[in-house]
Amino acid sequence: MSGEAYDVVVVGSCMTDLVSQAPRLPRIGETIHGHRFFIGFGGKGANQCVQAARLGAKTAMVCKVGKDVFGDNYIQNFKNNGIATDYVEQTSDAATGAASIIVNDTGENAIVIVPGANMLLGDTELQKAHEALSHAKVMICQLEVNPDTSLKALHAAHKHHVKTIFNPAPAASDLSQEFYKLSDILCCNETEAEILTGKTVTTMEDAGKVSLELLARGCGSAIVTLGSQGCVVLSSQDSCPKHIPATSVTAVDTTGAGDSFIGALAFYVAYYSSLTLEEMVRRANVVASLSVQKEGTQTSFPSRRDLPAELL
């Protein structure tokens with residue numbers, strides 16, 4: 001598949017999810033009984049890539065996994081989802097990244113990640129993926145790999161006029177200004193927005209204010225998501241914050257919902273460029289709302305056949 005053009009290229013993380021389900025999240029120092037455990041596929045980068053692929057995008061993943069059973073299984077998972085693995089590298093120097101996830105009975109979660117091989121993704125892998133990065137319609141990156149790697153990926157995409165979607169997660173308060181200036185779309189949740197700006201975000205009005213600040217730092221458009229409250233969108237062309245409501249559903253498991261949203265958004269940016277950003281976000285909200293109604297991360301992500309006809 002080398003040499004092919006991909007519509008969505010994701011530079012980011014792969015994590016093996018170790019998921020425990022329990023009635024509630026434990027307090028500090030507390031041990032509680034859970035009622036189910038399972039192992040799944042996760043990592044923000046891989047999740048976003050899988051969701052875009054499930055909707056029909058021609059995708060490639062640029063990442064690094066360990067030479068272990070988790071790494072082997074992840075490569076097969078990409079292939080099962082129709083994702084190009086030409087730029088998935090394996091290393092003996094670190095284990096495949098892992099995420100320990102606890103999900104309570106209302107669908108809320110707490111997560112600890114151990115990045116492992118993800119932090120070894122660097123210049124060599126980006127150089128190998130240069131052709132794919134420079135010919136894509138959309139490039140997505142996050143901060144679960146070395147931030148310098150994500151910044152270089154943004155530079156490479158921006159240089160070739162590839163649309164960039166940057167998800168600053170996990171967020172850092174001292175994030176370089178270059179990240180903002182190289183992001184056509186910056187998308188974060190309320191917690192990440194608080195870390196980036198130092199301002200509390202609990203309401204749509206708060207989200208609108210921090211979105212304006214993020215926009216002022218140089219990104220083309222800013223999206224701040226607030227879970228069941230929906231999200232706020234604004235752009236350099238229209239700096240009036242717009243509230244896009246979320247679809248009202250009963251959540252079973254919210255793990256990966258933000259990644260489902262970003263993967264769907266990338267799909268719409270790549271294939272429905274004539275739509276307004278607000279409409280793309282509305283449709284991505286619907287896709288994410290479908291994901292929270294099932295257990296698991298990637299296992300909950302909808303496919304193209306699961307969507308109402310008006311979304312396509």
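Structural notes, computed from the coordinates. These numbers were taken from a predicted model, which means no experiment stands behind them. (Residues numbered from 1 in each chain as written. Predicted model: local features only at pLDDT ≥ 70, side-chain atom pairs only at ≥ 80, totals over all residues. Heavy atoms only, no water.)

**Considerations on the side chain of Ser 235**
Structurally, Ser 235 can be placed in strand β12 (residues 231-235). Not counting residues within four places of it along the chain, the set of residues in contact with Ser 235 comprises Leu 215, Gly 220 and Ser 221. (Helix = DSSP H or I, 4+ residues; strand = E, 2+ residues; numbered from the N terminus. Contact = heavy atoms within 4.5 Å.)

**Concerning the packing of helix α7 (residues 190-197) against helix α8 (residues 204-216)**
In the contact formed by α7 and α8, the axes pass within 10 Å of each other and the chain directions differ by 55 degrees. When the axes of α7 and α8 are compared, the pair comes out oblique. Note that α7 runs across α8; the crossing there is left-handed. Here α7 contributes Ala 193, Leu 196 and Thr 197 to the contact with α8, which in turn contributes Val 210, Glu 213 and Leu 214. (Axes fitted to C-alpha atoms, helices over the stretch in contact; angles between N-to-C directions. Parallel < 35°, antiparallel > 145°, perpendicular 65-115°, else oblique. Left-handed = near helix turned anticlockwise from the far one by under 90°.)

**Here's the deal with the nonpolar core**
The biggest cluster of nonpolar side chains holds 46 residues, and the ones touching the most others in it are Ile 223 and Leu 265. No other element matches the nine residues that helix α9 (residues 257-271) contributes to this core. Once residues within four sequence positions are removed from consideration, Leu 265 is found in contact with Ile 165, Ile 185, Ile 223, Leu 277, Met 280, Val 281 and Ala 284. Grouped together as the second largest cluster of nonpolar side chains are 45 residues, Leu 143, Ala 153, Ala 157 and Met 204 included. (Core = buried A, V, L, I, M, F, W, Y, C linked by side-chain atoms within 4.5 Å. Buried < 20%, exposed > 50% of the residue type's maximum accessible area, 1.4 Å probe, protein only.)

**Let's talk about the pattern of salt bridges**
Tallying each qualifying case throughout the model produces 14 salt bridges. With a closest N to O distance of 3.8 Å, Lys 137 and Asp 7 form a salt bridge. Placement of the pair is Lys 137 in the loop between α4 (130-135) and β8 (138-141) and Asp 7 in the segment before β1 (8-11), with a sequence separation of 130 residues. Relative accessible area serves as the criterion here: at 39%, Lys 137 is assigned to the partly exposed category. The partner of Glu 279 in a salt bridge is Arg 283, and the shortest N-O contact between them spans 2.8 Å. Taken together, the residues Glu 279 and Arg 283, both in helix α10 (residues 277-291) and four residues apart, mark about one turn of the helix. One salt-bridge network, in which partners are shared between bridges, spans Arg 24, Arg 27 and Glu 30. (Salt bridge = Lys/Arg side-chain N within 4 Å of Asp/Glu carboxyl O.)

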